[in-house]
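Inside the fold
Here's the letter readout for the chains.
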Amino acid sequence: YDSEGWIEDLLVILERRGLQHGALLDVGCGTGESFLSMLEKDWEVTACDISPAMLAVAAEKAGDRARLEVADMRELPRFGAFDLVWTLDDAVNYLLDTAELEAALRGMRANLAPKGLLLFDANCLPAYRTFFAESHDFQLQDGRELTWRGDACKDAEPGSICEATMLIDGAAFATHRQRHFPEHEVLEALERAGLE
């Protein structure tokens, strides 16, 4: 998908909320797609992920232009005071209960500068009732076949934990296990974490 275009749209919204150019903490950065365009905009970037392998890919892309750290968002250390803290691509849905969500939000709040902004996205229930409940096959550029096999129910309930497996040429290589967070749970976790 067009991650750079999506980030541009997000920045417009954030600028309306008073975002100033400065320092970004990208939580759950994966392979770095979520912060690379920010480097091009001369943002100071610190990024973290629970997976050293993902961070290695991010490091290849970013070189020495970003500070990369292995960290679990549920036990996020304080890396500094950031103008913007974000966690994109439904990373919060990998947290499996409201206590984990609250812990992650508290860690992100601890990394915000006094007027800093926090941005995150989360999958809504229709995503689990459709994409996580369906199977899709994709042909990769190298000729291999990628299969997304959704194991969720088409009538998944609010708060459900849903899984999907990714296979390459029929062999499983990754399982995505996510929890749907109803809006009221997210709002309550934000309040308990001390965020407005």
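Above this note sits the structure.
All residue numbers here refer to positions counted from 1 along the written sequence of the relevant chain. Side-chain atom pairs in this predicted model are given and counted only at pLDDT of 80 or more, local residue features only at pLDDT of at least 70, and totals for whole chains, interfaces and linings cover all residues. The side-chain values count all of the structure's non-hydrogen atoms but skip hydrogen atoms and water molecules.

**Details of the state of the cysteines**
We call a pair of cysteine sulfur atoms a disulfide whenever their separation is within 2.5 Å. One pass over the structure, following the stated rule, counts zero disulfides. Here cysteine 124 is not cross-linked by a disulfide; its sulfur's nearest cysteine counterpart is in cysteine 162, at 12 Å. Buried residues are those whose accessible area, probed at 1.4 Å on protein chains only, stays under 20% of the maximum for their type, while exposed residues exceed 50% and partly exposed ones sit between those limits. On the basis of relative accessible area, cysteine 124 is assigned to the partly exposed category, the value being 45%. Cysteine 153 takes part in no disulfide bond, and the closest cysteine sulfur, belonging to cysteine 162, lies 7.5 Å away. Relative accessible area serves as the criterion here: at 48%, cysteine 153 is assigned to the partly exposed category.

**Examining the environment of leucine 96**
Within the secondary structure, leucine 96 is located in the loop between β4 (82–87) and α4 (98–110). Only heavy atoms enter the contact rule, under which two residues are in contact if any of them lie within 4.5 Å. With sequence-adjacent residues up to four places away left out, leucine 96 is seen in contact with Ile161, Arg177, Gln178 and Arg179. The numbering of helices and of strands both runs from the N terminus, where a helix is a DSSP run of H or I of at least 4 residues and a strand a run of E of at least 2.

**Side note on helix α3 (residues 52–62)**
For α3, the set of buried residues is Leu55, Ala58 and Ala62. For α3, the arc enclosing every buried residue in end-on projection is 55°, short of the 170-degree limit, so these residues lie on one face. Facing away from the buried side of α3, by more than 90 degrees, are the exposed residues Ala53 and Glu60. The inward-facing, buried residues of α3 contact α2 (36–40), β2 (44–49) and β3 (66–70). In this context, the arc is that of the directions from the helix axis out to the C-beta atoms.

**Examining the sheet that holds strand β6 (residues 135–139)**
What the four strands build is an open sheet, ordered β6-β7-β8-β9; its pairing is antiparallel. The outermost strands of the open sheet, each flanked by one partner alone, are β6 and β9 (171–179). Sheet twist, expressed as the mean angle between neighbouring strand axes with direction ignored, is 15°. We call two strands paired when DSSP finds no fewer than two bridges between them. Summarising the sheet, strand β7 (residues 145–150) and strand β8 (residues 161–168) pair through five bridges and their orientation is antiparallel. Each bridged residue has a counterpart across the sheet, and for tryptophan 148 the counterpart in β8 is methionine 166. The angle between two axes is taken between their N-to-C directions and runs from 0 to 180 degrees, where each axis is a line fitted to C-alpha atoms and a helix contributes only its stretch in contact.

**Observations regarding the side chain of glutamate 185**
By secondary structure assignment, the location of glutamate 185 is in helix α6 (residues 183–192). Residue class for glutamate 185 comes out buried when judged on its relative accessible area of 15%. Beyond its immediate stretch of four places on either side in the chain, glutamate 185 contacts Thr98, Leu101 and Arg179.

**Considering the nonpolar core**
The term nonpolar core refers to a set of buried residues drawn from Ala, Val, Leu, Ile, Met, Phe, Trp, Tyr and Cys, joined through side-chain atoms within 4.5 Å. Residues Val27, Leu76 and Leu101 are the most contacted members of the largest nonpolar core, which totals 24 residues. Listing elements by their share of this core, those giving two or more residues are β1 (23–27), β4, α4 and α6. Among the elements that take part in this core, α4 stands out by supplying four residues, more than any other. Setting aside chain neighbours within four positions, we find leucine 101 in contact with Val92, Leu95, Phe181, Glu185, Val186 and Ala189. Grouped together as the second largest cluster of nonpolar side chains are 23 residues, Leu14, Leu39, Leu55 and Ala62 included.

**Digging into α4**
Working rule for helices: expected span equals 1.5 Å times residues minus one. Along its 13 residues, α4 runs 18 Å from first to last C-alpha, staying within 8% of the 18 Å computed at 1.5 Å per residue. Residues Leu101, Glu102, Ala104, Leu105, Gly107 and Met108 constitute the buried set of α4. Of the surrounding secondary structure, the elements contacted by the buried residues of α4 are β1, β4, β5 (112–120) and α6. Whenever a nitrogen or oxygen atom comes within 3.5 Å of another N or O atom, the pair is scored as a polar contact, on the condition that within protein one atom can donate a hydrogen and the other can accept it, and that pairs from neighbouring residues in sequence are kept only if both atoms are in side chains. Taking the backbone nitrogen of alanine 99 as reference, a side-chain oxygen 3.1 Å away marks aspartate 97 as the first, capping residue of α4.

**Remarks on the sheet that holds β2**
Strands belonging to one sheet form pairs held by backbone hydrogen bonds; the direction of such a pair is parallel or antiparallel. With parallel pairing, five strands are arranged side by side in an open sheet as β3-β2-β1-β4-β5. Only two strands of the sheet have a single partner each, and these edge strands are β3 and β5. For this sheet the average axis-to-axis angle between neighbouring strands, irrespective of direction, equals 20°. Both β4 and β5 contribute to a ladder of five bridges, which runs parallel. Looking across to β5, one finds that tryptophan 86 is bridged to leucine 119. Each of β1, β4 and β5 touches α4; the most contacted strand, β5, lies at about 140° to it.

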